[in-house]
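The lines below spell out each chain.
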Amino acid sequence: MGGCFSKPKPVELKIEVVLPEKERSKEELSASGKGSPRAYQGNGTARHFHTEERLPAPHPYPGPQDCVEAAVCHVKDLENGQMREVELGWGKVLLVKDNGEFHALGHKCPHYGAPLVKGVLSRGRVRCPWHGACFNISTGDLEDFPGLDSLHKFQVKIEKEKVYVRASKQALQLQRRTKVMAKCISPSAGHSGSTNVLIVGAGAAGLVCAETLRQEGFSDRIVLCTLDRHLPYDRPKLSKSLDAQPEQLALRPKEFFRAYGIEVLTEAQVVTVDVRNKKVVFKDGFKLEYSKLLLAPGSSPKTLSCKGKEVENVFTIRTPEDANRVVRLARGRNAIVVGAGFLGMEVAAYLTEKAHSVSVVELEETPFRRFLGERVGRALMKMFENNGVKFYMQTEVLELRAQEGKLKEVVLKSSKVIRADVCVVGIGAVPATGFLRQSGIGLDSRGFIPVNKMMQTNVPGVFAAGDAVTFPLVWRNNRKVNIPHWQMAHAQGRVAAQNMLAQEAEISTVPYLWTAMFGKSLRYTGYGEGFDDVIIQGDLEELKFVAFYTKGDEVIAVASMNYDPIVSKVAEVLGSGRAIRKREVELFMLHSKTGDMSWLTGKGS
């Protein structure tokens, strides 16, 4: 693959300096991109970055005045397998005792700031209780997703039975560490019509692929292209926080891309891929040759096909601009959401405090039915109804009626007429792979790109990742599945990058997702399609429960609310290759009214 693979010098580039924040009560509002980049506007002339610009690096060797050291506990204060948050003057540290050894790490997950002390310690790593990211306790490195950054690792020494931790003040305040990365040394970068790696799509899969290549020492040209006007951002947050501005959603500040020579072409649409000549053509006629290609185009939202579909103020939520316009139009007015899946329900929850009325229209009899089952769906529906949302179930939209071109009423098949000033459509999505139809890159009947465990397509040197792929799910007997989760896209982008560098990595991540509504979070792990039973522990009415989804004798997925860190525990068990049997869950339910989940981490069956 050409390029220089010399190890980068061990000087860490800190991209952002963040002062300690107040703990935020609502995790869904805490932003993961803390820099405040201004979006890089791509147009024909200024589409390439100058790679000479560099970020100022902090002093590589902190002096004694920049460090703080203290005794934090007695060696006997922690048992093996225990974690504790300890104070170190300038901030907190997570102290972990594993196999008789002490480790000290950053105490907050860099993704959304979850307290890691409430997470799960297993197999030499700690898993975040909120969204399942995993960090190696010996190095602090991020080993499973979501998120982009790792934890700081601090020095530990034992003297006279006391445990001492030494840390730099800056690291204690930052709470996140960006891995050392190579820079681009390719002299032609920014000017020529060829690149070593071309990444189509700048969501999580595309960005993680680019970052992984640089982390692994790859120093040739990388070009990332996106249909969006913005640098890569946290798209799942759009429906949870519709007011968010692009700079609040950005995953990395503009300077980051400059520093590491990752070129981003914005508003750039690929119209053809010529795999024989390893070349892509953009809509504006620009041609670019590549050596390795990652396809991560994501999906396109489905739209309504009913009468009046061209009426104004009907939206799918795809960009920050869409989300912001919906909030503006919904303020004090009547909002209607079509579709009671994750996107629709998140939007409905967000709009309840802004709109005069919020209605949800859905074909199924309960929200989330296919995903979470009847009982959990009904409990969540009740939470929405208690917050003033009106549901119109087992029906669909027949017609959108306008007044002066703008939406005024929605007519349902049940002949009900609802007043509506703004409508959000969340009825699913299709893979955005139309541009590949004549390319020779394999697509299945639904338009997904099938890949193997190495994220390799049927064409050598062409990889694919993210929402547009189907891949073999290891712990479900390599069944080919499509899992459009944010966390999954991260993992696939990393595996694709590793295999571009011939490292023979395979995708083995256990799917993990979450949703946040009315300040409550639902967590979910596994792959529950085709479940034939749901076993519920806890109280659905109180929204404090864990639901085990089973197929035959096996637990294939678990969802929970107010029951942390159960979902992270299950993800850890499934990730270790151990099956959880239905009878284990049933036995536990018989004997336990306490909600103790220690049986999960036992060696079991």
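Figured I'd write up the structure that's included with this text. This one's a predicted model, so the numbers in the text were calculated from it and none came from an experiment.

The rules behind each value
Residues numbered from 1 in each chain as written. Predicted model: local features only at pLDDT ≥ 70, side-chain atom pairs only at ≥ 80, totals over all residues. Heavy atoms only, no water. Helix = DSSP H or I, 4+ residues; strand = E, 2+ residues; numbered from the N terminus. Buried < 20%, exposed > 50% of the residue type's maximum accessible area, 1.4 Å probe, protein only. Contact = heavy atoms within 4.5 Å. Salt bridge = Lys/Arg side-chain N within 4 Å of Asp/Glu carboxyl O. Polar contact = N/O pair within 3.5 Å; in protein donor to acceptor, adjacent residues only side chain to side chain. Phe/Tyr/Trp six-rings, centres within 6.5 Å; stacked < 30°, edge-to-face > 60°. Pairing = 2+ DSSP bridges. Axes fitted to C-alpha atoms, helices over the stretch in contact; angles between N-to-C directions. Disulfide = S-S within 2.5 Å. Core = buried A, V, L, I, M, F, W, Y, C linked by side-chain atoms within 4.5 Å.

### Comments concerning the overall build of the protein
At step 1: Within the protein, the secondary structure is distributed over 12 helices and 35 strands.
At step 2: Burial status across the protein gives 59% buried among its 605 residues.
At step 3: If you take every contact in the protein between residues at least 6 apart in sequence, the share linking residues at least 24 apart comes to 63%.

### A closer look at the pattern of salt bridges
At step 1: One pass over the full model with this rule turns up 38 salt bridges.
At step 2: Here K92 ties to E85 by a salt bridge, and the two come within 3.5 Å at their closest N and O atoms.
At step 3: Residue classification places E85 among the partly exposed residues on the basis of a relative accessible area of 27%.
At step 4: Between D149 and R252 there is a salt bridge, and its shortest N-O distance comes to 2.9 Å. A residue pair is termed long-range when its members are at least 10 positions apart, and D149 in the loop between strand 8 (142-144) and strand 9 (153-159) and R252 in the loop between helix 4 (246-249) and helix 5 (254-259) qualify at 103 residues.
At step 5: Given a relative accessible area of 4%, D149 falls into the buried group.
At step 6: Where salt bridges share partners, they join R123, R125, R127, E143 and E572 into one cluster.

### Some words on the side chain of T352
At step 1: By the secondary structure assignment, T352 is in the loop between helix 7 (342-351) and strand 20 (357-362).
At step 2: In terms of polar contacts, T352 uses its side chain to reach the backbone carbonyl oxygen of A349, at 2.7 Å.
At step 3: Dropping the residues within four chain positions of it, T352 is found in contact with V358, N387, V389 and F518.

### Considerations on the packing of aromatic side chains
At step 1: Taken as a whole and assessed by the stated rule, the structure comprises 11 aromatic pairs.
At step 2: Ring geometry for Y112 against W514: centres 6.3 Å apart, planes inclined by 80°, an arrangement best described as edge-to-face. Linking Y112 in the loop between strand 4 (101-105) and strand 5 (120-122) with W514 in strand 31 (residues 512-517), this pair joins segments that are 402 residues apart in sequence. The exposure classification of Y112 matches that of W514, with both residues buried.
At step 3: Relative to F518, the ring of F384 lies with its centre 4.9 Å away and its plane at 75°, an arrangement referred to as edge-to-face. Of this pair, F384 sits in helix 8 (residues 369-386) while F518 sits in the loop between strand 31 and strand 32 (520-526); the two residues are 134 residues apart in sequence, bridging distant segments of the chain.
At step 4: Aromatic ring contacts, followed pair by pair, group F342, F368, F371, Y524, F531 and Y549 into a single cluster.

### A closer look at helix 10 (residues 566-575)
At step 1: In terms of burial, helix 10 is largely enclosed, as eight of its 10 residues are buried.
At step 2: Three or more residues of helix 10 are buried, namely I566, V567, S568, V570, A571, E572, V573 and L574.
At step 3: Positive phi shows up at G577, right after helix 10, with a value of about 95°.

### Some remarks on the sheet that holds strand 6 (residues 125-127)
At step 1: Reading across the sheet, the four strands line up as 5-6-7-8 and stay open at both edges, with antiparallel pairing between neighbours. Strands at the two margins of the open sheet, each flanked by one partner only, are strand 5 and strand 8. Sheet twist, expressed as the mean angle between neighbouring strand axes with direction ignored, is 30°.
At step 2: Here strand 5 runs beside strand 6; their pairing, made up of three bridges, is antiparallel.

### Quick look at the pairing of strand 11 (residues 194-200)
At step 1: Counting buried residues in strand 11 gives six out of seven residues, a clear majority hidden from the surface.
At step 2: The pairing of strand 11 with strand 16 (residues 287-295) spans six bridges and is parallel. The partner of S194 across the bridge, within strand 16, is E289.
At step 3: In the sheet, strand 11 pairs with strand 12 (residues 222-225) via four bridges, with the strands oriented parallel.

### Some details on the state of the cysteines
At step 1: This model, assessed by the stated rule, comprises zero disulfides.
At step 2: With no disulfide of its own, C109 lies 4.0 Å from the sulfur of C128, the closest cysteine sulfur.

### Quick notes on the nonpolar core
At step 1: Grouped together as the largest cluster of nonpolar side chains are 107 residues, with contacts concentrated most on L198, L213, V273, L294, L295 and F471.
At step 2: The greatest single-element share of this core, amounting to eight residues, is contributed by helix 9 (residues 486-500).
At step 3: The contacts of V273, once residues within four sequence positions are left out, are K279, V280, Y290, L293, F435, L436, S439 and I441.

### Examining unusual backbone geometry
At step 1: Put simply, F145 and P146 share a cis peptide bond, and its omega is 20°.
At step 2: Within the secondary structure, P146 sits in the loop between strand 8 and strand 9.
At step 3: With omega at 0°, the peptide bond leading from D564 into P565 counts as cis.
At step 4: You will see that N477, though not glycine, has its phi angle at about 55°, which is positive.
At step 5: With respect to the helices and strands, N477 occurs in the loop between strand 29 (469-473) and strand 30 (479-481).
At step 6: By relative accessible area, which is 73% here, N477 ends up exposed.

### Examining the sheet that holds strand 32
At step 1: Strands sit in the order 31-32-35-34-33 across an open sheet of five strands; the sheet is antiparallel. Each having just a single partner strand, strand 31 and strand 33 (533-539) make up the two edges of the open sheet. Each adjacent strand pair in this sheet contributes to an overall mean axis angle of 15°, direction not counted.
At step 2: Pairing geometry for strand 34 (residues 544-551) and strand 35 (residues 554-561), over seven bridges, is antiparallel. By the bridge assignment for strand 35, A547 is matched with A559.
At step 3: Relative to the sheet, helix 8 contacts strand 31, strand 32, strand 33, strand 34 and strand 35, its axis offset from that of strand 34 by approximately 155°.

### Remarks on the side chain of T395
At step 1: Assignment of secondary structure puts T395 in the loop between strand 21 (389-393) and strand 22 (397-403).
At step 2: Setting aside residues up to four positions removed in sequence, T395 forms contacts with V361, E362, L363, L412, K413 and S414.

### Digging into the environment of R375
At step 1: If you trace the backbone, R375 turns up in helix 8.
At step 2: Remark: the alpha-carbon pair of R375 and L540, spanning 165 residues in sequence, is separated by 8.1 Å.

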